[in-house]
Amino acid sequence: MLELTPKEIVNRKGLTINPAKTCQPIGAMYAALGINGCLPHSHGSQGCCSFHRMHLTKHFRDPIMATTSSFTEGASVFGGGSNLKTALKNIFSIYNPEIVAVHTTCLSETIGDDLNTLISESASVVPEGKLVIHTNTPSYVGSHVTGFSNMVASTIKYLAQGEGKGSNGKLNIIPGWVNPGDMTEIKLLLTKMGVPFTMLPDTSGVVDSPATNSFEMYPKGGTKIEDIKDSGNSKATIALGSFCSEAGAVELEKKCGVPASVLKMPLGIKATDEFMMQVAKLTGKAIPQEIEIERGQVADIMVDTHHQFHGKKVGIFGDPDLVIAMTEFVVSLGMVPKMMLTGTPGKAFEAQIESILTEAGLNPEDSLYQSAGDLFLFHQWMKNEPIDLMIGNTYGKYIARAEDTPLIRVGFPVLDRSVHSYLPIVGYKGAMRLIEKITDTLLDRQDRDAADEDLELTM
Ligand code: SF4
């Protein structure tokens, strides 16, 4: 076992230890679940599909449906064309989805299966009116974030139609990889403003469905196929998070001429303000008093609690769009973001973190931040400079325990807690929830460590 020595960071370009990301196909599968009547299909071996379904099922605590081309030795040598054709024939006759969204895996990519050709060669088994789309997700590059982004862009490439003249009067929203509770909150804000919209993907009503005592293979949620087709007639597209959503928005701009704007994930007061203002600008709609009150409440809460946050050192890890937005949020609370890491590659991560730190008047050289990093590196950083709080997914729990540092679980995956996927962290309501989580965690720690005579009833 590698021993950690404080101050000594080994250069390990060829070795990842405790990855801060997961497989590309998981992202493609999650994005596909956000299309109404869609069955995700994994073109590879059964093991990949089982792992991806299990990971999503554990995070959302809901059954995740997906099918597989079930590669064995034959398909691995001769190609998976006949497996895909047989799978599509069975899928449509047994499960009858409206659309099948195929993604590749390491194996099918390595043997070079050409999905465009294989899908057109399978046309005879696809019933009239049903659809098959695909995206490429080799897991030896990128991460689940790139898989999500690829599936959104491919869905638009396959399905979107229109001339970008805004004839349907709608806004397109690409929410990025967030939980259904976040998607619901974004939709609520738009509804309160009276803005018609299409959200793609939309996993609310799919992976957060209520208990009804009856199984629904295709829950009511998800973006309707006719809305995806019509997205080319919208006024504009807002992509929330450059890593997850920009590619889809750019694809729609290229294909149909719908203008794209890329914003941060609306996490915290500043990023939510930017989202609200952009919606107002694009639609001419005023921000209603109800939303202004919510914003005012968050500002009030920030004033009431700021003394808990001031100068506290934070480490944030996980998906790049979330880490970037969270860094901006903790800065606004008066905390010091000391280390930020994502497993997803992309130099834009470092550039955006640097710009947030500089804008806040902090010296970027006083913080550590890296894309395509792993949690072993994050742990080494913590060994060298202890922090007060970790913010990230379940993958950080062993580090939190080893260093006796509190961990707030956000992002994907959160495998060891429940309820999180139903409630938002975005928007003003999400900001309130995050502030509550952070203050509770810091105060619990303070109370735990306080001497008996210092323990107080108030904060
Ligand atoms: S083989 Fe590739 S796609 Fe399949 S589980 Fe492993 S990393 Fe993921």
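Every chain is numbered independently, its residues counted from 1 as its sequence is written. With pLDDT at 70 or above as the cut-off, local features in this predicted model cover only qualifying residues; side-chain atom pairs require 80 or more to be listed or tallied, and sums for whole chains, interfaces and linings still use all residues. The basis for every side-chain value is the complete set of non-hydrogen atoms in the structure, without hydrogens or water.

Draft legend 1. How the structure looks around the site of the ligand. The near set for a molecule or strand comprises every residue that places at least one heavy atom within 4 Å of it. Close contacts around the ligand come from Cys 23, Pro 25, Cys 48, Phe 51, His 52, Thr 105, Cys 106 and Ser 139, and that covers them all. Numbering of helices and strands runs from the N terminus, with a helix taken as a DSSP run of H or I at least four residues long and a strand as a DSSP run of E at least two residues long. Sorting elements by how many residues they give to the shell around the ligand places helix 2 (residues 46-60) first, with three residues. By residue class, the composition of the shell around the ligand is five nonpolar, three polar and no charged. When residue character is reported, Ala, Val, Leu, Ile, Met, Phe, Trp, Tyr, Cys and Pro are called nonpolar, Asp, Glu, Lys and Arg charged, and the others, Gly included, polar.

Draft legend 2. Highlighting helix 2. Here helix 2 contains 15 residues, and its C-alpha end-to-end distance of 21 Å stays within 8% of the 21 Å for a straight helix at 1.5 Å per residue. Type-normalised accessible area, obtained with a 1.4 Å probe on protein chains alone, sets the label of each residue: buried when under 20%, exposed when over 50%, and partly exposed for intermediate values. Every buried residue of helix 2 is listed here: Cys 49, His 52, His 55, Leu 56, His 59 and Phe 60. The arc that holds the buried residues of helix 2, viewed along the axis, is 135 degrees, so those residues lie on one side. Packing partners of the buried residues in helix 2 comprise helix 1 (24-33), strand 1 (38-43), strand 2 (67-68) and helix 8 (180-193). The length a helix should cover is 1.5 Å for every residue beyond the first. It is the directions from the helix axis to the C-beta atoms that the arc portrays. Should any heavy atoms of two residues lie within 4.5 Å, those residues are considered in contact.

Draft legend 3. Quick peek at the side chain of Ser 245. Looking at the secondary structure, you find Ser 245 in helix 10 (residues 242-256). Those residues in contact with Ser 245 that sit more than four places away from it in its chain are Ile 174, Pro 175, Gly 176, Ala 239 and Leu 240.

Draft legend 4. Structural view of the environment of Asp 388. Tracing the sequence through the fold places Asp 388 in the loop between helix 15 (375-384) and strand 12 (389-392). Judged by its relative accessible area of 32%, Asp 388 is partly exposed. Distance in space between the C-alpha atoms of Asp 388 and Gly 27 is 31 Å, their sequence separation being 361 residues. If sequence neighbours within four positions are ignored, Asp 388 has contacts with Gly 311, Lys 312, Lys 313, Thr 405, Pro 406 and Leu 442. The definition of a polar contact used here is a pair of N or O atoms within 3.5 Å, where within protein one atom must be able to donate a hydrogen and the other to accept one, and adjacent residues in sequence count solely through side-chain atom pairs. A polar atom in the side chain of Asp 388 sits 2.7 Å from the backbone nitrogen of Lys 313.

Draft legend 5. Quick look at the packing of helix 11 (residues 269-283) against helix 12 (residues 289-309). To define axes, lines are fitted to C-alpha atoms, for helices over the stretch in contact only, and angles between the resulting N-to-C directions are given on a 0 to 180 degree scale. Where helix 11 contacts helix 12, the two axes come as close as 11 Å, and the packing angle between them is 165 degrees. Here helix 12 runs roughly antiparallel to helix 11, going by the angle between their axes. Crossing geometry of helix 11 relative to helix 12 is assigned as left-handed. Across the interface between the two elements, Ile 269, Asp 273 and Met 276 of helix 11 pack against Ile 291, Arg 295, Val 298, Ala 299 and Met 302 of helix 12. Of the residues belonging to the contact of helix 11 with helix 12, the class tally is six nonpolar, no polar and two charged. Roughly parallel here means an angle under 35 degrees, roughly antiparallel means over 145, roughly perpendicular means 65 to 115, and every remaining angle is called oblique. Note on convention: near helix rotated counterclockwise from far helix by under a right angle means a left-handed crossing. Clockwise means right-handed.

Draft legend 6. View of the sheet that holds strand 4 (residues 131-135). Note on pairing: two strands pair once DSSP finds at least 2 bridges between them. Read across the open sheet, the four strands follow the order 2-1-3-4; overall the sheet is parallel. For this open sheet the edge positions go to strand 2 and strand 4, each flanked by a neighbour on one side alone. Where strand 1 and strand 3 (residues 99-104) come together, six bridges link them in parallel fashion. For Pro 40, the partnering residue across the bridge sits in strand 3 and is Ala 101. Sheet strands touched by helix 1: strand 1, strand 3 and strand 4. Its angle to strand 3, the strand with the most contacts, is close to 170 degrees.

Draft legend 7. The arrangement of the nonpolar core in detail. Ranked by size, the top nonpolar core spans 96 residues in total, and within it Leu 56, Phe 275, Met 326, Ile 391 and Ile 438 carry the most contacts. The greatest single-element share of this core, amounting to eight residues, is contributed by helix 13 (residues 320-332). Sequence-distant contacts of Met 326, that is, excluding residues within four places in its chain, are made with Leu 267, Ile 316, Ile 391, Val 410 and Leu 434. Only buried residues count toward a nonpolar core, which is a set of Ala, Val, Leu, Ile, Met, Phe, Trp, Tyr and Cys residues joined through side-chain atoms within 4.5 Å. Formed by 15 residues, the second largest nonpolar core is a distinct cluster that contains Phe 378, Ile 387, Met 390 and Tyr 395.

Draft legend 8. Up close: the sheet that holds strand 6 (residues 197-199). If you walk across this open sheet you meet the four strands as 6-5-7-8, and the pairing is parallel. The open sheet has two edge strands with one neighbour each: strand 6 and strand 8 (260-263). Neighbouring strand axes in the sheet, compared pairwise and without regard to direction, differ in orientation by 20 degrees on average. With three bridges joining them, strand 5 (residues 171-174) and strand 6 adopt parallel strand pairing. Across the sheet, the residue bridging to Asn 172 is Thr 198, located in strand 6.

Draft legend 9. Structural context of the pairing of strand 12. Side chains Leu 389 and Ile 391 project from strand 12 onto one buried face, and the interleaved Met 390 and Gly 392 project onto a second face that is buried too. Two strands pair when backbone bridges link them, and strand 9 (residues 313-317) and strand 12 are joined in this way by three bridges, in the parallel orientation. Residue pairing in the sheet places Ile 316 in a bridge with Ile 391 of strand 12. Note that strand 12 and strand 13 (residues 407-409) share three bridges and pair parallel. Bridge pairing in strand 13 places Gly 392 opposite Arg 409. Whether a crossover is right-handed comes down to one check: with the strands pointing away from the viewer, does the path from the first strand over the helix to the second run clockwise; if it does, it is right-handed. On the question of chirality, the crossover connecting strand 12 to the parallel strand 13 by way of helix 16 (residues 397-403) is right-handed.

Draft legend 10. Just the packing of aromatic side chains, in detail. Aromatic pairs are defined between Phe, Tyr and Trp rings, using the six-membered ring for Trp, whenever the two ring centres lie within 6.5 Å; interplanar angles under 30 degrees are classed as stacked, those over 60 as edge-to-face, and all others as tilted. Within the structure shown, the criterion is met by seven aromatic pairs. Between Tyr 30 and Phe 60, the ring centres sit 5.0 Å apart and the planes meet at 20 degrees, which makes this aromatic pair stacked. With Tyr 30 in helix 1 and Phe 60 in helix 2, this residue pair connects regions lying 30 residues apart in the sequence. For Phe 60, a relative accessible area of 0% puts it in the buried group.

Draft legend 11. Quick look at a nonpolar patch on the surface. On the surface, a nonpolar cluster with roughly 270 Å² of combined accessible area is contributed by Val 419, Tyr 422 and Leu 423. Tracing the chain through its elements places Leu 423 in the loop between strand 13 and helix 17 (427-449). The partly exposed category is assigned to Leu 423, whose relative accessible area is 38%. Patch definition: residues with relative accessible area over 30% and no salt bridge; like charges joined within 9 Å; nonpolar side chains (Val, Leu, Ile, Met, Phe, Trp, Tyr) joined within 5 Å. Areas reported here follow the Shrake-Rupley algorithm with a probe of radius 1.4 Å; residue values treat only the protein chains shown as occluding. The salt bridge criterion pairs a side-chain nitrogen of Lys or Arg with a carboxyl oxygen of Asp or Glu, the two atoms within 4 Å.

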